Amino acid sequence: MMMERSTLALWVTKRNDEAHDIISLELVSPDGVPLPAFTAGSHVDLYVGNGLIRQYSLCNDPAERHRYVLGILKDPSSRGGSCFLHEQVGEGATILVGAPRCNFPLVETAGKSILIAGGIGITPMLAMAYRLTALGKRFSLHYCGRSIDRIAFREVLESGPLASSSQFHLDDGDTAQRFSFGDDIGLPEEGSHIYVCGPEGFINHALQQAYTFGWPDGQLHVEFFRAEAKAVDGDQAITVTAARSGVTVEVDADRSIASVLMDHGVDIPVACEQGICGTCVTSIIDGEPLHRDDCLSDAEKASNKVMTICCSRAKTKHLVLDI
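Treat the numbers as computed from the prediction; the structure is a model and nothing was measured. (Residues numbered from 1 in each chain as written. Predicted model: local features only at pLDDT ≥ 70, side-chain atom pairs only at ≥ 80, totals over all residues. Heavy atoms only, no water.)

(A) Highlighting the overall build of the protein chain. The secondary structure content of the protein chain amounts to seven helices and 19 strands. Its C-alpha radius of gyration of 21 Å places the protein chain within 12% of the 20 Å reference for a compact globule of 323 residues. Looking at the protein chain residue by residue over its 323 residues, the buried ones come to 49%. Taking the intrachain contacts of the protein chain between residues at least 6 apart in sequence as the baseline, contacts between residues at least 24 apart amount to 66%. In the form shown here, the protein chain has an accessible surface area of approximately 15000 Å², with 49% of it arising from carbon and sulfur atoms. (Helix = DSSP H or I, 4+ residues; strand = E, 2+ residues; numbered from the N terminus. Rg over C-alpha atoms; globule rule 2.2 N^0.38 Å. Buried < 20%, exposed > 50% of the residue type's maximum accessible area, 1.4 Å probe, protein only. Contact = heavy atoms within 4.5 Å. Areas by Shrake-Rupley, 256 points an atom, 1.4 Å probe, with all protein chains shown as cover.)

(B) Broad picture of unusual backbone geometry. Backbone geometry places Asp21, a non-glycine residue, at a positive phi of 65°. Within the secondary structure, Asp21 sits in the loop between strand E1 (7-19) and strand E2 (22-28). The class of Asp21 is partly exposed, set by a relative accessible area of 34%.

(C) View of the sheet that holds strand E9 (residues 138-145). Across the sheet, five strands lie side by side as E10-E9-E8-E11-E12; this open sheet has parallel pairing. In this open sheet, the two strands that pair with only one neighbour each are strand E10 (166-170) and strand E12 (220-224). Between one strand axis and the next, the sheet turns through 15° on average, direction left out of account. In this fold helix H5 (residues 200-212) packs onto strand E8 (112-118), E9, strand E11 (192-198) and E12, with an angle of close to 170° to the strand it touches most, E12. (Pairing = 2+ DSSP bridges. Axes fitted to C-alpha atoms, helices over the stretch in contact; angles between N-to-C directions.)

(D) Molecular detail of the pattern of salt bridges. All told, the structure shown has twelve salt bridges when counted by the stated rule. As a salt-bridge pair, Arg67 and Glu26 come within 2.7 Å of each other at their nearest N and O atoms. One end of the pair, Arg67, is in the loop between strand E4 (52-57) and strand E5 (68-73); the other, Glu26, is in strand E2, and 41 residues separate them in sequence. Accessibility expressed as a relative area gives 21% for Arg67, which makes it partly exposed. For Glu26, a relative accessible area of 12% translates into the label buried. Of the charged contacts, one joins Asp235 and Arg292 as a salt bridge, the two residues approaching to 2.8 Å between their closest N and O atoms. Taken as a pair, Asp235 in the loop between E12 and strand E13 (238-242) and Arg292 in the loop between strand E16 (289-290) and helix H7 (298-303) lie far apart in primary sequence, 57 residues in all. Assigned by exposure class, Asp235 and Arg292 land together as buried. Put simply, Glu26, Glu64 and Arg67 are held in one network by salt bridges that share partners. (Salt bridge = Lys/Arg side-chain N within 4 Å of Asp/Glu carboxyl O.)

(E) A look at helix H1 (residues 81-88). Turning to H1, its buried residues number three or more, namely Gly81, Ser82, Cys83, Leu85 and His86. Elements that come into contact with the buried residues of H1 comprise E1, E2, strand E3 (42-49), E4, E5 and strand E6 (94-98).

(F) Structural view of the pairing of E2. Counting buried positions over the seven residues of E2 gives seven, a clear majority of the element. Burial along E2 is two-sided: the residues Ile22, Ser24, Glu26 and Val28 and Ile23, Leu25 and Leu27 are all buried. Both E1 and E2 contribute to a ladder of seven bridges, which runs antiparallel. Bridging from a neighbouring strand, Val12 pairs with Leu27 of E2. From the end of E1 to the start of E2, which pair antiparallel, there are two residues, and Asp21 there has a positive phi angle of about 65°. In the sheet, E2 pairs with E5 via six bridges, with the strands oriented antiparallel. From the neighbouring strand, Glu26 faces E5, where its bridge partner is Val69.

(G) The nonpolar core, seen in detail. Among the nonpolar cores identified, the biggest contains 49 residues, and Leu27, Leu46, Leu115, Ile122, Met125, Leu141 and Tyr143 are the most heavily contacted of them. Of all the elements, helix H2 (residues 122-135) adds the most residues to this core, at eight residues. Here Leu115 is in contact with Met125, Met128, Ala129, Leu132, Phe139, Ser140, Leu141, His142 and Tyr195, once residues within four sequence places are set aside. With 23 residues, the next largest nonpolar core counts Val251, Ile268, Cys310 and Ile323 among its residues. (Core = buried A, V, L, I, M, F, W, Y, C linked by side-chain atoms within 4.5 Å.)

Any functional reading would require information beyond the geometric quantities listed.
The structure is reproduced here in structure tokens:
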């Protein structure tokens, strides 16, 4: 069956301008009840109106239970989520928030962790850095940005407990301080893990460099904010049955399973529509999926028991889903 999503109505108690086009929101429970615990690398869904659900990484210390802190980049090319939060949400507002989920887990047993952030990709790295500090683990945080005015959470990174392990790399700064994989990281070390988050091009470049220097896949971890484009050549219409809803539909090659089922009255929570958030993960009763997501693990994909119906399709002509 489809995963259930619990929600919380939280107050915005603080809103700060963290950098150019980046704000932070501090969210708390109106009745002071501790919030659901989260692990480093987790995100939450924000229900931002007009049916939009958007995912934002939790960037405060995971040990904190009294608040969630989010960093939000205003993206003019977005479909309205970040612009709404920047322009319409201030202190005192109430916003509906999903329970924390983690698709970007931290390996807490690693001998050393190397955190590489590009732009707004700093947000999950902050929570990781707080957790690693609490564990007394070795880590380094490399934060890459175009200029100093685009570096978010500077106060925390320059003067707090994370300062000694953090380094800024600015595109408009001296050449010597710019990020260089060879100089700043180099060859792989046994027991070390690398985490990369930021724009797609930034992540792909960092991964390419990591492979060039011999880092194995098992020591590399990434989180994309947008899914990589997937080839759709050869897609054909499929038949999909929503068993519990008693609905069977034909899904044309240019439509998603989720969108067609919703057109026929099936209630489906959808957020990213790109296969990166996991909101629409659905159990499979019969048929073989064609996975195109970036959120399910290799083991989950191999099991063929669940799929993301916002972007994945089917290898068989018919799918039966537990919705």
